[in-house]
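Listed below, chain by chain, are the residues.
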Amino acid sequence: MVSFWLLWLLQLYIYVVAVIMLLYMVRHMVFTSTRLHRKQRRFYHEILDSELPPVTVLVPMHNEEAVAHDILRALINSDYPKDLLEVIPVDDHSEDRTEQILREYADQYSYIRPLYRRSGPRGKPSGLNDALEYASHEVVIVFDADYTPPADMIKQLAMAFVDPEVGAVMGRVVPENTKRGLLTRLLDLERAGGYQVDQQARYTRNLIPQYGGTVGAFRRSVVLSMGGFNPRILAEDTDLTFALFTRGWQVAYANRSECYEESPESWDVRFRQVRRWARGHTQAAFRHFLRTLSTRYLRFWQKVDGAMLLGVYAIPTLLATAILAHLVLFLSGRVAPFTLIIAALFCMANSYGNFAPFFEVGSATMLDGGRRRTWLLPYMAYVFIFNVWAVVSGLKDALLDVIREGTPQWEKTERYRQ
Amino acid sequence: MGGTHSREEFERERSQLGSGTTGSERFGAGLATTSPLAAAMPHRAYRRVEPENKIVMALTVLVIGVIHYYIFINFHPIMLAMSEWSKLVLSWLNIGAVGQSYGYDNYMWVRLYPLVYDIHEPDTLGYLIWTIGGIVLIVLFALLRVIAAPVRLTILTILLLLTFGSVYMLIVSLANGSLGFDGFEISKLYVRAVLLTWAFMPIGFAILSLLIPFNPIERIVLVFLPIIYDFPFSVVRYAVMVWITNWLGGVPAAPFFLLFGSAITFLFYVCLFSLMMNRVAKRVGGGPNREARWRW
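Residues numbered from 1 in each chain as written. Chains lettered and ligands numbered in written order. Predicted model: local features only at pLDDT ≥ 70, side-chain atom pairs only at ≥ 80, totals over all residues. Heavy atoms only, no water.

Asker: Quick question: what am I supposed to make of the overall build of chain A here?
Answerer: Helices and strands together make up the secondary structure of chain A, namely 14 helices and 7 strands. Considering chain A as a whole, with its 418 residues, one finds that 66% of them fall into the buried category. For chain A, the share of sequence-separated contacts (at least 6 apart) that also reach a separation of at least 24 residues comes to 84%. Put simply, chain A shows about 15,100 Å² of open surface, and 56% of that area lies on carbon and sulfur atoms. (Helix = DSSP H or I, 4+ residues; strand = E, 2+ residues; numbered from the N terminus. Buried < 20%, exposed > 50% of the residue type's maximum accessible area, 1.4 Å probe, protein only. Contact = heavy atoms within 4.5 Å. Areas by Shrake-Rupley, 256 points an atom, 1.4 Å probe, with all protein chains shown as cover.)

Asker: Looking at this model, I keep getting lost on helix α4 (residues 124–143) of chain B. Mind explaining?
Answerer: Since the α-helix packs 3.6 residues into each turn, any two residues three or four apart lie on the same face. All names here are of chain B. Taking 1.5 Å per residue, 20 residues should reach 28 Å; α4 reaches 29 Å between its end C-alpha atoms and fits that length. Those residues of α4 that sit buried are Gly126, Tyr127, Thr131, Gly134, Ile138 and Phe141. Each buried residue of α4 sits inside an arc of 140 degrees when the element is viewed along its axis, so together they form one side. Along α4, exposed side chains directed more than 90 degrees from the buried face belong to Leu125, Ile129, Val136 and Leu143. (Expected span 1.5 Å × (residues − 1). Arc of directions from axis to C-beta.)

Asker: Could you clarify how one ought to interpret unusual backbone geometry in this entry?
Answerer: Trans peptide bonds make up the majority, and among non-glycine residues the majority have a negative phi. With phi around 55 degrees, histidine 93 of chain A is a residue other than glycine that occupies positive phi space. The topology assignment puts histidine 93 of chain A in the loop between β2 (85–92) and α3 (98–108). Backbone geometry places tryptophan 109 of chain B, a non-glycine residue, at a positive phi of 65 degrees. For tryptophan 109 of chain B, a relative accessible area of 83% translates into the label exposed.

Asker: Any chance you could explain the pairing of β2 of chain A here in plain terms?
Answerer: In the case of a regular strand, side chains alternate between the two sheet surfaces. Residue and element names in this part refer to chain A. Among the 8 residues that make up β2, 8 are buried, leaving the element largely enclosed by the rest of the structure. Of the two faces of β2, the one lined by Leu85, Val87, Pro89 and Asp91 and the one lined by Glu86, Ile88, Val90 and Asp92 are each fully buried. Viewed along the sheet, the connection from strand β1 (residues 55–61) through helix α2 (residues 68–76) into β2 turns out right-handed. Note that β2 and strand β3 (residues 115–117) share 3 bridges and pair parallel. (Right-handed = clockwise from strand over helix to strand, strands pointing away. Pairing = 2+ DSSP bridges.)

Asker: I'm lost on the nonpolar core in this one. Help?
Answerer: For soluble globular proteins, nonpolar side chains are generally found buried alongside one another. Counting residues in each nonpolar core, the largest one holds 124 residues, and the members touching the most others are Phe330 and Met366 of chain A together with Met79, Met82 and Phe273 of chain B. With 15 residues, helix α6 (residues 183–211) of chain B is the largest single contributor of residues to this core. In contact with methionine 79 of chain B, other than residues within four places in its own chain, are Val110, Arg111, Leu112, Tyr113, Val191, Val194, Leu195 and Trp198 of chain B. Ala158, Val169, Tyr253 and Cys259 of chain A belong to the second-largest nonpolar core, a separate cluster that totals 48 residues. (Core = buried A, V, L, I, M, F, W, Y, C linked by side-chain atoms within 4.5 Å.)

Asker: Can you walk me through the packing of aromatic side chains in this structure?
Answerer: In this description, a pair of aromatic rings is defined by centroid distance and the angle of the planes. Enumeration over the complete set of coordinates arrives at 33 aromatic pairs over all chains. Relative to phenylalanine 266 of chain B, the ring of phenylalanine 358 of chain A has its centre 5.9 Å away and its plane inclined at 85 degrees; by these criteria the two rings are edge-to-face. Within this pair, whereas phenylalanine 358 of chain A is found in helix α13 (residues 358–367), its partner phenylalanine 266 of chain B is found in helix α9 (residues 262–285), the two belonging to separate chains. Between tyrosine 104 of chain B and tyrosine 113 of chain B the ring centres are 5.5 Å apart and the planes differ by 75 degrees, which places this aromatic pair in the edge-to-face class. Tyrosine 113 of chain B sits in the buried class, given a relative accessible area of 7%. Among the aromatic residues, those joined into a ring-pair cluster are Phe358 and Phe359 of chain A together with Phe205, Phe214, Phe266, Tyr269 and Phe273 of chain B. Here the guanidinium or amino end of arginine 41 of chain A rests over the ring plane of tyrosine 203 of chain A, the centre of that ring lying 4.1 Å away. Seen from the ring of tyrosine 116 of chain A, arginine 103 of chain A lies directly overhead, with NZ or CZ sitting 4.3 Å from the centre. (Phe/Tyr/Trp six-rings, centres within 6.5 Å; stacked < 30°, edge-to-face > 60°. Lys NZ or Arg CZ within 6 Å of the ring centre and 35° of its normal.)

Asker: Could you clarify how one ought to interpret a nonpolar patch on the surface in this entry?
Answerer: On the surface, a cluster of nonpolar side chains totalling about 580 Å² of accessible area is made up of Phe4, Trp5, Trp8, Leu9, Leu12 and Val16 of chain A. With respect to the helices, strands and loops of the structure, leucine 12 of chain A is situated in helix α1 (residues 2–37). (Patch = residues over 30% accessible without salt bridge, like charges linked within 9 Å, V, L, I, M, F, W, Y side chains within 5 Å. Salt bridge = Lys/Arg side-chain N within 4 Å of Asp/Glu carboxyl O.)

Asker: How should I be thinking about the pairing of β1 of chain A in this particular structure?
Answerer: Residue and element names in this part refer to chain A. Burial analysis of β1 places 7 of its 7 residues in the buried class, which makes it a mostly covered element. Here β1 shows no split at all, with Val55, Val57, Val59 and Met61 on one side and Thr56, Leu58 and Pro60 on the other all buried. Summarising the sheet, β1 and β2 pair through 7 bridges and their orientation is parallel. Paired with valine 55 across the two strands is leucine 85, which belongs to β2.

Asker: Looking at this model, I keep getting lost on the sheet that holds strand β7 (residues 250–261) of chain A. Mind explaining?
Answerer: Whether parallel or antiparallel, the strands of a sheet pair through hydrogen bonds between backbone atoms. All names here are of chain A. Spatial ordering of the open sheet is given by β3-β2-β1-β4-β6-β5-β7, a layout of 7 strands whose pairing is mixed. The open sheet has two free edges, formed respectively by β3 and β7, since each of these has just one partner strand. If you compare each strand with its neighbour and ignore which way they point, the axes differ by 20 degrees on average. In terms of strand pairing, strand β4 (residues 139–143) meets strand β6 (residues 215–219) through 5 bridges, oriented antiparallel. In the sheet register, phenylalanine 143 faces β6, and the bridge partner there is valine 215. Where helix α8 (residues 236–245) meets the sheet, its contacts fall on β5 (166–175), β6 and β7, and the angle it forms with β7 comes to roughly 155 degrees. (Axes fitted to C-alpha atoms, helices over the stretch in contact; angles between N-to-C directions.)

Asker: For this particular structure, what's the right way to read the pattern of salt bridges?
Answerer: Any two side chains of opposite charge can pair, given that their charged atoms come close. Tallied over the entire structure, the rule returns 28 salt bridges over all chains. Between aspartate 239 of chain A and arginine 287 of chain A there is a salt bridge, and its shortest N-O distance comes to 2.7 Å. Taken as a pair, aspartate 239 of chain A in helix α8 and arginine 287 of chain A in helix α9 (residues 267–294) lie far apart in primary sequence, 48 residues in all. A relative accessible area of 6% means that aspartate 239 of chain A is categorised as buried. Classification of arginine 287 of chain A by relative accessible area gives partly exposed; the value is 37%. When the shortest N-O distance is used, the salt bridge between glutamate 218 of chain B and arginine 283 of chain B registers 3.0 Å. Taken together, the positions of glutamate 218 of chain B in helix α7 (residues 216–248) and arginine 283 of chain B in helix α9 put the pair 65 residues apart, joining distant regions of the chain. What makes glutamate 218 of chain B buried here is its relative accessible area of 3%. Among the charged side chains, a salt-bridge network with shared partners connects Asp91, Glu99, Arg103 and Arg118 of chain A.

Asker: Can you help me understand the side chain of threonine 282 of chain A in this one?
Answerer: Structurally, threonine 282 of chain A can be placed in helix α9. Look past the residues within four positions of threonine 282 of chain A in its chain and what remains in contact with it is Tyr313, Leu395 and Ala398 of chain A.

Asker: Teacher, can you tell me more about the environment of phenylalanine 231 of chain B here?
Answerer: Note on placement: phenylalanine 231 of chain B falls in helix α7. When sequence neighbours within four positions are dropped, the list of residues in contact with phenylalanine 231 of chain B reads Ile78, Ala81, Met82, Trp85 and Trp198 of chain B.

Asker: So what exactly am I meant to see when it comes to the packing of helix α2 (residues 54–73) of chain B against α7 of chain B here?
Answerer: Helix packing geometry: the angle between the two helix axes and the distance between the axes. Residues and elements named next belong to chain B. Where α2 meets α7, the closest approach of the two axes is 10 Å, and the angle between their N-to-C directions is 30 degrees. Regarding the angle of α2 to α7, the classification is roughly parallel. Crossing of α2 over α7 shows right-handed handedness. Of α7, the residues touching α2 (which contributes Val56, Met57, Thr60, Val63, Ile64, Ile67, His68 and Ile71) are Pro216, Arg219, Ile220, Val223 and Phe224. For the contact of α2 with α7, the residue count by class is 10 nonpolar, 2 polar and 1 charged. (Parallel < 35°, antiparallel > 145°, perpendicular 65-115°, else oblique. Left-handed = near helix turned anticlockwise from the far one by under 90°. Nonpolar A, V, L, I, M, F, W, Y, C, P; charged D, E, K, R; others polar.)

Printed below as a string of structure tokens:
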């Protein structure tokens, strides 16, 4: 009797997972169709004659001697009026030559005002909180240290804040070390799908474009009024996105504002990165899921998209447990071919790519003008199980964080630039 | 450098179009512009594909529907051929009389011919050996860091499924239970799964193909070529599954079924899709009048 109910519950679970997979697949098909066929919502590029706001640029750094010169030079070469610009590299407990490099630049350029953190908790959220207190201007732009922003990037991002409803802005992230190997090439495809199609379609449909802490901007007063960044949440960008939307603010997405990043070049580094993202994203999901569904500031479809965005890192775990459930049903002679095939098809359609299905990635590549890169699409299957392991590990970490109630230790992604 | 598009190319476009403005990229959609740059080629960040001719699209869907209907009403001889050819492969594998007869099963208005054979079922000691062997291999592969992580984790996943299955069967056999299927039942499951794959996959592929600006021929090829490929593949896979379950039992059959079933068919589809996407990208992105093929 017990085994009957257990097997029945497992069958029900597989149906539930198949339905969730179907919903995600439909969502990605809608995004792809929106991006390919619908008139796109554009960013605020043409308001360049408007009065430019004073801007603070924050660059969180921890042992960044390999990349510090590049980003500081890029900021010096920015066409933003220097009397309206303040650059704060946040040296977070660095043990290499980062401090020395920052001092050299600060001596030469008055608008570069480094913040040296030698006490207090380590990590990007804590560093940003200290820097927000130190910053002078309302519009704050955050660049990761491995980014090299083009000359007009600050102008482009800052422009959006002429719209009083905009609380944060996100630019497009493009890997620059694509040709280093198979991993970087596949990450380039993932990034293209995620930004060129996914983010832009969400912006066009007025859903939930996500603020990303790697190349983004926000209003300082808004973040301070929310108590700053939560150091217990590793994905401070997802946390801010949902904190803003559930308080009535908008997030704008600038698809043309391309910023070049360094992708992980080794599988171990990539594994740790995905694991950290999954952990942080799940922490944010625990915090914002119910608030997203109940807030009066979001429309129905925004709530649906927000809930699906928050739940996206739960998918690989659902998938892994559904495979185990299938295994038990199979050995018990209870597996139904219909569920087996339908669930398998939905799962595969969703999972060839890390949350950016192959048809979405293919469309993004075409829009970007890429051709031969489309041949790499089948190789995305190569990282499918790898991603499942990394995300499941991150989810486990997030659950342990809830039990332990501690502050997770920040892990920096390794740099490769010479 | 490299990336989605070279940084040099990006900077060149930017300088040609003015710093951050293209003239027609207005705040919000639909505002008129008088800028002389309004006729500028659509920037990749906001460009979209030309709308397709709806009549051609409808006709393509109709043709796909007719072909699929024709295949569906002819599934009976196709499924019979699959079983017959699998028998042939089994005889080539030279494993005696295994799977040399078949039974009958009616599913989704189609008569199927699942092969009948004996399945090997280990005793409790056999499942214990599977479990211990699985654990030893898991530890070994977890420590073998020289293997690239995606390959190592895929092997570990297969081993985990094997070990999980053998632990489950060990518990079942200790409780005087047995494997939930015999040779005929697992055969039935296989041929039903193949029928479902061939019946439903083209519908999904057809819907997917409508998203992308493929031409009618590409759409038809994309929908039906995977079935043509999958037929010989299913024949061989069926024979291998019968061979494995006859020789080793149900435990290795489960990961075989779950990981190498329709996943391989799907991978072939993605391969084909990537080749077709290359053609589409060439069509819309190359040639002398390429700006005319994109819209703002």
